[in-house]
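Listed below, chain by chain, are the residues.
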Amino acid sequence: MIRIENLSAGYLNKEILKKISCDIDKKDFFGIIGKNGAGKSTLLRVLCNLIKPYSGNVFIDGRNINSFSRKEFAKTVSFLPQCIDTSLSFTVSEFIMFGRYPYMNIFKIPSDDDYAAIKKVMNFLCIKNFAEKNINELSGGEKQIVLIAQVLVQETDIIVFDEPTSHLDIGNQNDILEILKDLNEKRDKTIILSLHDLNAAGEFCSKLILIENGSVCRQGTAEEVLNYRDIERVYNTTVVVKTNPISNRPYVIPVSKTGKR
Amino acid sequence: MSNKKFLFVYILMLVSVFVVFLFSLAIGLDGISFVDAVKALFGGAVDENVVVMIKQIRFPRIFMACIVGAGLAVSGCVFQAILKNPLADPFTLGISGGASLGAVAAFISGLAAIRSFFIPFCAFAGMIVSVSVVYLLSMRKRFNSNAMILSGVVVSYIFSSAVMLMFALSPENSVQTAFLWLMGNFSSFDERLLPFITAVVPICIIILSLSGNIINVVSLGGEKSKTFGINIERNIKFLFLTASFVTAATVSICGVVGFVGLMIPHIMRKIMGTNNVILIPASAFAGAFFLPLCDTLSRMLFSPVLIPVGVITSIIGGLFFICLLLKPDRK
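Residues numbered from 1 in each chain as written. Chains lettered and ligands numbered in written order. Predicted model: local features only at pLDDT ≥ 70, side-chain atom pairs only at ≥ 80, totals over all residues. Heavy atoms only, no water.

Draft legend 1. Representation of the overall build of chain A in the model. Counting its regular elements, chain A contains nine helices and 12 strands. Its C-alpha atoms give chain A a radius of gyration of 19 Å, near enough to 18 Å, the size a compact globule of 261 residues would have. Oriented by its inertia axes, the alpha-carbon framework of chain A measures out at about 65 × 40 × 35 Å. Relative to its 261 residues, chain A shows a buried fraction of 51%. Once local pairs closer than 6 in sequence are excluded, the contacts in chain A between residues at least 24 apart make up 64%. Taking the average location of the 34 positive side-chain charges in chain A and that of its 32 negative ones, the two points are 4 Å from each other. (Helix = DSSP H or I, 4+ residues; strand = E, 2+ residues; numbered from the N terminus. Rg over C-alpha atoms; globule rule 2.2 N^0.38 Å. Buried < 20%, exposed > 50% of the residue type's maximum accessible area, 1.4 Å probe, protein only. Contact = heavy atoms within 4.5 Å. Lys, Arg positive; Asp, Glu negative; His and termini not counted. Charge placed at Lys NZ, Arg CZ, Asp CG, Glu CD.)

Draft legend 2. Up close: helix 11 (residues 232–254) of chain B. Residues and elements named next belong to chain B. An ideal rise of 1.5 Å per residue puts 33 Å on 23 residues; helix 11 measures up with 33 Å between its terminal C-alpha atoms. The element helix 11 is largely enclosed, with a buried count of 17 among its 23 residues. The positive-phi residue at the C-terminal boundary of helix 11 is Gly255, with phi of around 85 degrees. (Expected span 1.5 Å × (residues − 1).)

Draft legend 3. Quick look at unusual backbone geometry. Unlike most non-glycine residues, A:Asn248 shows phi in positive territory, near 60 degrees. When you line up the elements, A:Asn248 lands in the loop between strand 11 (239–243) and strand 12 (250–254). At B:Phe259, a residue that is not glycine, the phi angle is positive and equals roughly 75 degrees. Checked against the element boundaries, B:Phe259 lands in the loop between helix 11 and helix 12 (260–272).

Draft legend 4. Examining the pairing of strand 7 (residues 158–162) of chain A more closely. Residue and element names in this part refer to chain A. Judged by how many residues are buried, strand 7 sits mostly within the fold: five of five residues are covered. A two-sided burial pattern is seen for strand 7, the buried positions comprising Ile158, Val160 and Asp162 on one face and Ile159 and Phe161 on the other. Looking at chain direction, strand 6 (residues 77–80) and strand 7 are connected through four bridges and run parallel. Within strand 7, the position partnered with Val77 by the bridge is Ile158. Across five bridges, the pairing between strand 7 and strand 8 (residues 190–194) is parallel. Paired with Ile158 across the two strands is Thr190, which belongs to strand 8. Taken together, strand 7, helix 6 (residues 170–186) and strand 8 constitute a β-α-β crossover, and its handedness is right-handed. (Pairing = 2+ DSSP bridges. Right-handed = clockwise from strand over helix to strand, strands pointing away.)

Draft legend 5. Layout of the interface of chain B and chain A. On the side of chain A, 28 residues touch chain B, which itself brings 20 residues to the contact. When chain B packs against chain A, close to 2200 Å² is buried across both sides, 61% of that on carbon and sulfur atoms. Applying the counting rule to chain B against chain A returns one salt bridge. Taking the shortest distance from any N to any O, the salt bridge between B:Glu223 and A:Arg45 comes out at 2.3 Å. At the junction of chain B and chain A, the tally comes to six residue pairs in polar contact (both at pLDDT 80 or more). Secondary-structure elements contributing two or more residues to the side of chain B that touches chain A are helix 9 (194–210) and helix 10 (212–220) of chain B. If one sorts the elements of the side of chain B that touches chain A by residue count, helix 10 of chain B sits on top with six residues. When the residues that make up the side of chain B that touches chain A are grouped by side-chain class, the tally is seven nonpolar, nine polar and four charged. (Buried area = accessible area lost by both parts, 1.4 Å probe. Salt bridge = Lys/Arg side-chain N within 4 Å of Asp/Glu carboxyl O. Polar contact = N/O pair within 3.5 Å; in protein donor to acceptor, adjacent residues only side chain to side chain. Nonpolar A, V, L, I, M, F, W, Y, C, P; charged D, E, K, R; others polar.)

Draft legend 6. Up close: the sheet that holds strand 10 (residues 215–220) of chain A. Residue and element names in this part refer to chain A. The strand order 6-7-8-3-9-10 describes an open sheet built from six strands, whose pairing is mixed. Lying at the two open borders of the sheet, with one neighbouring strand each, are strand 6 and strand 10. Neighbour to neighbour, the strand axes of the sheet diverge by 15 degrees on average, direction disregarded. Two strands pair when backbone bridges link them, and strand 3 (residues 29–34) and strand 8 are joined in this way by four bridges, in the parallel orientation. (Axes fitted to C-alpha atoms, helices over the stretch in contact; angles between N-to-C directions.)

Draft legend 7. Structural view of the confidence of the model for chain A. For chain A, the mean per-residue pLDDT works out to 90, and 98% of the residues sit at or above 70. The spread of mean pLDDT over the elements of chain A runs between helix 5 (residues 140–153) of chain A, the lowest at 90, and strand 8 of chain A, the highest at 95. (pLDDT = per-residue confidence, 0-100.)

Draft legend 8. Quick peek at the pairing of strand 3 of chain A. Residues and elements named next belong to chain A. Most of strand 3 sits out of view: six of its six residues are buried. Neither face of strand 3 is exposed, since Phe29, Gly31 and Ile33 on one face and Phe30, Ile32 and Gly34 on the opposite face are all buried. Of the pairings in the sheet, the one linking strand 3 to strand 9 (residues 207–212) comprises five bridges and is parallel in character. Bridging from a neighbouring strand, Ile33 pairs with Leu210 of strand 9.

Draft legend 9. Local environment of the side chain of A:Asp28. Topologically, A:Asp28 is positioned in the loop between strand 2 (14–24) and strand 3. Look past the residues within four positions of A:Asp28 in its chain and what remains in contact with it is A:Asn184, A:Lys189, A:Thr190, A:Ile191, A:Ser206 and A:Lys207.

Below, the structure written as structure tokens:
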């Protein structure tokens, strides 16, 4: 379980998160939504120990994340950033191997276990056929799956994604989220992700938190958070919230100003 | 490429290094035959003058060229990876600036004339200064690669201006000798330093080769690289200091030999791919092959005039690289 207490954080002298508190339970599919610049990525960075908060604490299973060693933490939480600069021409399997580094010796020389682990994950995600391909030759969707493979070989209970679907088409977007859901339900992973797509958030997340200017505006189930009053106020626009007839989950439709009657 | 192919290329390169070594031993103005040269090296029955020539003059020189070539190529490879910049070389971070200033100071002040040992000593001291300045400047920016490159370039400029200033203020004959040193050559290094270099440089090369996997993740860069349980900043510091040390040790002995550190890693990358685990040893072999070859050519081409080996490395290497660029990429 993750507990975030009175967390304030930011960059240099610009405070972005203001005294955020929330709990994330084991096996949650936890979505973070909010406007651009609201502090979603900052929150994720603090959770992943990438930046130190100004004040407040983050506890994982009752243990302050500052007390973890780098290696220990890399075995507990893995992170998939928004975009990744891959100007280097690693092959897919070389690239996935980075995820095994927390388990390797000082010179990071892979053992048979490490090779077995990446083989298993590549089978699971059905990407064995491009194991030897250059990472830069892949399409956006394929790249995202390779990145997921990389966090999976890290074998952490908590996986953090920063907008995993932001530049994918709707098909790839659903594929990725289905994989995450699968991991969440069948492999008991705690998934924490930020999303721009409110409909995807409503459809897949078991819990949502809506952030406004660095503070929590509302948290709870998708039905509780995705109400038109909060969404309209936070995003400063007009929307209609309906229920998906198949999944019974809420979805949000934008309304054009000129279309309003 | 598969592991077998890599092994094949390694063996091929090792053999090439050996062949170049023997070839360089035998070639010279005094008409020693190839067979005699090999015999002299391994203690066969040949004329005593030949043994002295081969064992005491040519062997150390060629051996030094091998080690310096390997050292420069490896440190260039490491700098390109940790700075995430293909244009980086062992001298990007102002290392040559410090070396030049130190050595030129030794020449111009007359210390070099008293004891030739002062040249490498002053060059090394100059490099310690320039590397420390770059290190301290980069530390403030948490070893961000752009900040490192910028501080290196700035330090280079300051040091080379200081060298120019010294040149402008000193008599012509000392400028000539200092200038030849700056371009790099193997004709006048201090042989007492050979054991030191033979011990230190290969050890650093082995450490850097073993660190290939870590260098890979450092060169990946960005936030992602910080989530694999590795202290990236500390590793950059370690790699920067080790590679700088290799450069400093080699350059203080034979001057600023250009090109090897910049282009050998590029050429090997074209052939072997970007994985540093494979690339670093490959660069070491290629450097150990290339530099003795160039040194021998520099001895022979305009003999009896000795030309700086740096001139040869740049011309040959440059032409070879252009050919490699013109060839279409294999997929």
